[in-house]
Amino acid sequence: MKLVIAIVSNSDLAKVNSATSAEGFFSTNVSTKGQFLASGHTTILFGVNDDKVEELFSILEKNVSKRIIRQKGVDSTLEGSLLKKPVDVEENGAVAFVVNVEDFRKI
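Rules and cut-offs
Residues numbered from 1 in each chain as written. Predicted model: local features only at pLDDT ≥ 70, side-chain atom pairs only at ≥ 80, totals over all residues. Heavy atoms only, no water. Helix = DSSP H or I, 4+ residues; strand = E, 2+ residues; numbered from the N terminus. Expected span 1.5 Å × (residues − 1). Buried < 20%, exposed > 50% of the residue type's maximum accessible area, 1.4 Å probe, protein only. Patch = residues over 30% accessible without salt bridge, like charges linked within 9 Å, V, L, I, M, F, W, Y side chains within 5 Å. Areas by Shrake-Rupley, 256 points an atom, 1.4 Å probe, with all protein chains shown as cover. Salt bridge = Lys/Arg side-chain N within 4 Å of Asp/Glu carboxyl O. Axes fitted to C-alpha atoms, helices over the stretch in contact; angles between N-to-C directions. Left-handed = near helix turned anticlockwise from the far one by under 90°. Contact = heavy atoms within 4.5 Å. Nonpolar A, V, L, I, M, F, W, Y, C, P; charged D, E, K, R; others polar.

*Asks:* So what's going on with helix α1 (residues 10–22)? Residues and values would help.
*Replies:* For α1, built from 13 residues, the straight-helix expectation of 18 Å at 1.5 Å per residue is met to within 8% by its first-to-last C-alpha distance of 19 Å. Those residues of α1 that fall on the buried side of the exposure criterion are D12, L13, V16, A19 and T20. Note on α1: the residue one or two positions beyond its end, G24, has a positive phi of about 90 degrees.

See the structure below:
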């Protein structure tokens with residue numbers, strides 16, 4: 001068994017939840033916020049059998065989208081720094097991690 005941890009933009013969240021649920025994947029959502037890309041994201045936790053991981057990734061890929069967002073620059077203590085100027089940043093549709101699960105129990 002695997003634990004798939006997917007961090008998804010809130011712009012894609014409803015579509016991802018609907019698609020994964022329709023295919024029989026159960027999940028838990030946790031609201032999260034990144035350090036640089038401060039827009040809303042949600043971490044979705046999926047418990048998945050080993051042979052279903054690729055199917056889940058396929059569903060995720062079809063239901064998220066990359067986008068370019070205008071992000072205000074980072075704070076800096078350097079005087080006259082260009083770091084505070086807005087920049088265009090590519091936001092990935094999702095970032096996912098797969099973790100081996102040693103034991104799983106529903107209690």
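From this point, the narrative continues.
*Asks:* I'd love a proper account of a nonpolar patch on the surface, names of residues and values included.
*Replies:* Taken together, the side chains of V95, F97 and V99 make up a nonpolar region of the molecular surface, amounting to roughly 230 Å² of accessible area. For V95, a relative accessible area of 37% corresponds to the partly exposed category.

*Asks:* Outline the packing of α1 against helix α2 (residues 53–63), supporting the account with residue identities and numerical values.
*Replies:* Interaxial distance between α1 and α2 falls to 9 Å at its minimum, and their mutual angle equals 145 degrees. For the pair α1 and α2, the crossing hand works out as right-handed. For the pair α1 and α2, the contacting residues are D12, K15, V16, A19 and T20 in the first and L56, I59, L60, K62 and N63 in the second. Of the residues that constitute the contact of α1 with α2, the class distribution is 5 nonpolar, 2 polar and 3 charged.

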